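The residues making up each chain are set out below.
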Amino acid sequence: MERLKKYINDKGYSLLEMTLVMGLMVLFSLATLTLVASGSGAYKGLIHDKTDNSELRVAVGYISNKLKQSDTAGAVSLRLQPYGEGQALVLSEVIDNVGYETWI
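Residues numbered from 1 in each chain as written. Predicted model: local features only at pLDDT ≥ 70, side-chain atom pairs only at ≥ 80, totals over all residues. Heavy atoms only, no water.

> Please provide a residue-by-residue account of the overall build of the protein chain, values included.
Per the secondary structure count, the protein chain includes 2 helices and 3 strands. For the protein chain, the succession of helices and strands along the chain, N to C, is α-α-β-β-β. Per-residue burial for the protein chain yields a buried fraction of 7% across its 104 residues. Once local pairs closer than 6 in sequence are excluded, the contacts in the protein chain between residues at least 24 apart make up 14%. With an accessible surface of roughly 9400 Å², the protein chain has 63% of that area assigned to carbon and sulfur atoms. (Helix = DSSP H or I, 4+ residues; strand = E, 2+ residues; numbered from the N terminus. Buried < 20%, exposed > 50% of the residue type's maximum accessible area, 1.4 Å probe, protein only. Contact = heavy atoms within 4.5 Å. Areas by Shrake-Rupley, 256 points an atom, 1.4 Å probe, with all protein chains shown as cover.)

> I'd like a rundown of the pattern of salt bridges, residues and numbers included.
By the definition in use, this model includes 1 salt bridge. Notably, a salt bridge pairs Arg 79 with Glu 101, separated by 2.9 Å at the nearest N-O pair. With Arg 79 in strand E1 (residues 76-80) and Glu 101 in strand E3 (residues 98-103), this pair connects stretches of sequence that are 22 residues apart. Among the residues examined, Arg 79 registers a relative accessible area of 31% and is labelled partly exposed. (Salt bridge = Lys/Arg side-chain N within 4 Å of Asp/Glu carboxyl O.)

> Run through the pairing of E3, naming residues and quoting values.
One ladder, built from 6 bridges, connects strand E2 (residues 87-95) with E3; its direction is antiparallel. Across the sheet, residue Ile 95 finds its bridge partner in E3, namely Val 98. If you look at the hairpin formed by E2 and E3, you'll find 2 residues sitting between the two strands, and Asp 96 has a positive phi there, around 55°. (Pairing = 2+ DSSP bridges.)

Structural data, given as structure tokens:
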């Protein structure tokens, strides 16, 4: 009985109970930290995707508006890019008898 008394304090708590409670608190803390870290990663991914979609929407809106403004015969053509690879969209217009081209 004397051996048992050194593991139990005056209030009735044992060292084993306190160790188990502390272990459970550490386990719950780690689980919470893992949950927050994974949620943070998912949130960053969603924000990145939303930003990309917004930028693409602006670009498509710009091209769409430019095509609608160039609604005349022969005003829209595809040409080889002079400084790079591939083709470019060329929108031609005449203002005050001066020809202008917008390369996209």
